[in-house]
Amino acid sequence: MNMKNKIKFLNFDYIPEIDDLLEEGYIIVENPTTLSNVPDGEYLIRGDKKDHANEYYVINNMWILISTTTKDNGHYYCRAGTYQLFPNLPEKDWKQLNKVWTKLSPYWKRAVAGRNHYMEIRKIRRNIKKDFLSFNKECWVAE
């Protein structure tokens with residue numbers, strides 16, 4: 001399997017316990033790639049079947065299947081935003097694509113929806129950081 005542009009890595013914010021994942025019904029699978037000793041994290045692998053993608057947790061080189069998504073469901077759009085599965089275009093081009101949404105092909109609709117989701121995630125993260133820093137500043141001033 002050619003892994004170019006097929007595997008996307010997302011670092012863990014926290015490392016889940018393997019026992020907890022198995023209790024929730026997730027299963028340990030064989031390594032679906034030719035790669036070994038990959039870093040712990042969350043992986044999205046596209047293209048094992050047409051229009052499908054699988055999500056895995058890798059903990060201590062154990063691959064745990066989390067979900068299977070298709071391009072037809074909304075979860076794919078969320079993952080497209082999380083893993084940045086959209087082309088790198090200038091901001092003005094994205095604005096133009098948003099204006100002509102109804103005329104876009106399914107590929108570009110997914111790309112635009114994924115990027116819009118990514119921008120929302122980015123905005124939320126920035127606001128959280130900004131609020132945290134202002135809260136920290138207020139705490140230091142109060143002392």
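Residues numbered from 1 in each chain as written. Predicted model: local features only at pLDDT ≥ 70, side-chain atom pairs only at ≥ 80, totals over all residues. Heavy atoms only, no water.

J.: What is the right way to look at the pattern of salt bridges in this model?
T.: Side chains that carry opposite charge are capable of pairing whenever their charged atoms lie near each other. Under the counting rule described, the total for this entry stands at one salt bridge. Glu91 is the salt-bridge partner of Arg115, the closest N and O atoms lying 2.5 Å from each other. Taken together, the positions of Arg115 in helix H4 (residues 106–142) and Glu91 in helix H3 (residues 91–99) put the pair 24 residues apart, joining distant regions of the chain. (Salt bridge = Lys/Arg side-chain N within 4 Å of Asp/Glu carboxyl O. Helix = DSSP H or I, 4+ residues; strand = E, 2+ residues; numbered from the N terminus.)

J.: Even after reading the chapter, I still don't get unusual backbone geometry, so can you show me in this structure?
T.: Across residues other than glycine, the phi torsion is negative in most instances, and most of the peptide bonds are trans. For Asn60, which is not glycine, the phi dihedral falls at a positive 50°. Secondary-structure assignment places Asn60 in the loop between strand E4 (52–59) and strand E5 (62–70). For Asn60, a relative accessible area of 58% translates into the label exposed. For Asn61, which is not glycine, the phi dihedral falls at a positive 65°. A relative accessible area of 35% means that Asn61 is categorised as partly exposed. (Buried < 20%, exposed > 50% of the residue type's maximum accessible area, 1.4 Å probe, protein only.)

J.: It is not clear to me how a negative patch on the surface should be interpreted in this structure. Could you clarify?
T.: A cluster of acidic residues, Glu17, Asp19, Asp20, Glu23 and Glu24, forms a negative patch at the surface. Within the element layout of this structure, Glu17 appears in the loop between strand E1 (7–10) and helix H1 (18–23). The class of Glu17 is exposed, set by a relative accessible area of 52%. (Patch = residues over 30% accessible without salt bridge, like charges linked within 9 Å, V, L, I, M, F, W, Y side chains within 5 Å. Areas by Shrake-Rupley, 256 points an atom, 1.4 Å probe, with all protein chains shown as cover. Lys, Arg positive; Asp, Glu negative; His and termini not counted. Charge placed at Lys NZ, Arg CZ, Asp CG, Glu CD.)

J.: How do you make sense of the nonpolar core when you look at a structure like this?
T.: Nonpolar side chains tend to gather and get buried jointly when the protein is soluble and globular. Membership of the largest hydrophobic core is limited to seven residues, which are Phe86, Trp94, Leu97, Leu104, Ala111, Val112 and Tyr118. The biggest single contributor to this core is H4, with three residues. Discounting chain neighbours no more than four positions away, the residues touching Trp94 are Phe86, Pro87, Leu89, Ala111, Val112 and Arg115. The next biggest cluster of nonpolar side chains, apart from the first, holds six residues, and it includes Val38, Tyr43, Ile45 and Val58. (Core = buried A, V, L, I, M, F, W, Y, C linked by side-chain atoms within 4.5 Å. Contact = heavy atoms within 4.5 Å.)

J.: How should I be thinking about the packing of aromatic side chains in this particular structure?
T.: Geometrically, a pair of aromatic rings is defined through the distance of the ring centres and the angle of the planes. In total, this model carries two aromatic pairs according to the counting rule given. Taken together, a centroid distance of 5.5 Å and an interplanar angle of 40° make the contact between Tyr43 and Trp63 tilted. Linking Tyr43 in strand E3 (residues 41–46) with Trp63 in strand E5, this pair joins segments that are 20 residues apart in sequence. For Tyr43, a relative accessible area of 5% gives the class buried. The interplanar angle of 80° and the centroid separation of 5.5 Å between the aromatic rings of Tyr56 and Trp63 together place this pair among those described as edge-to-face. Per residue, the accessibility class of Tyr56 equals that of Trp63, and both read buried. Joined through ring pairs, the aromatic side chains of Tyr43, Tyr56 and Trp63 make up one cluster. (Phe/Tyr/Trp six-rings, centres within 6.5 Å; stacked < 30°, edge-to-face > 60°.)

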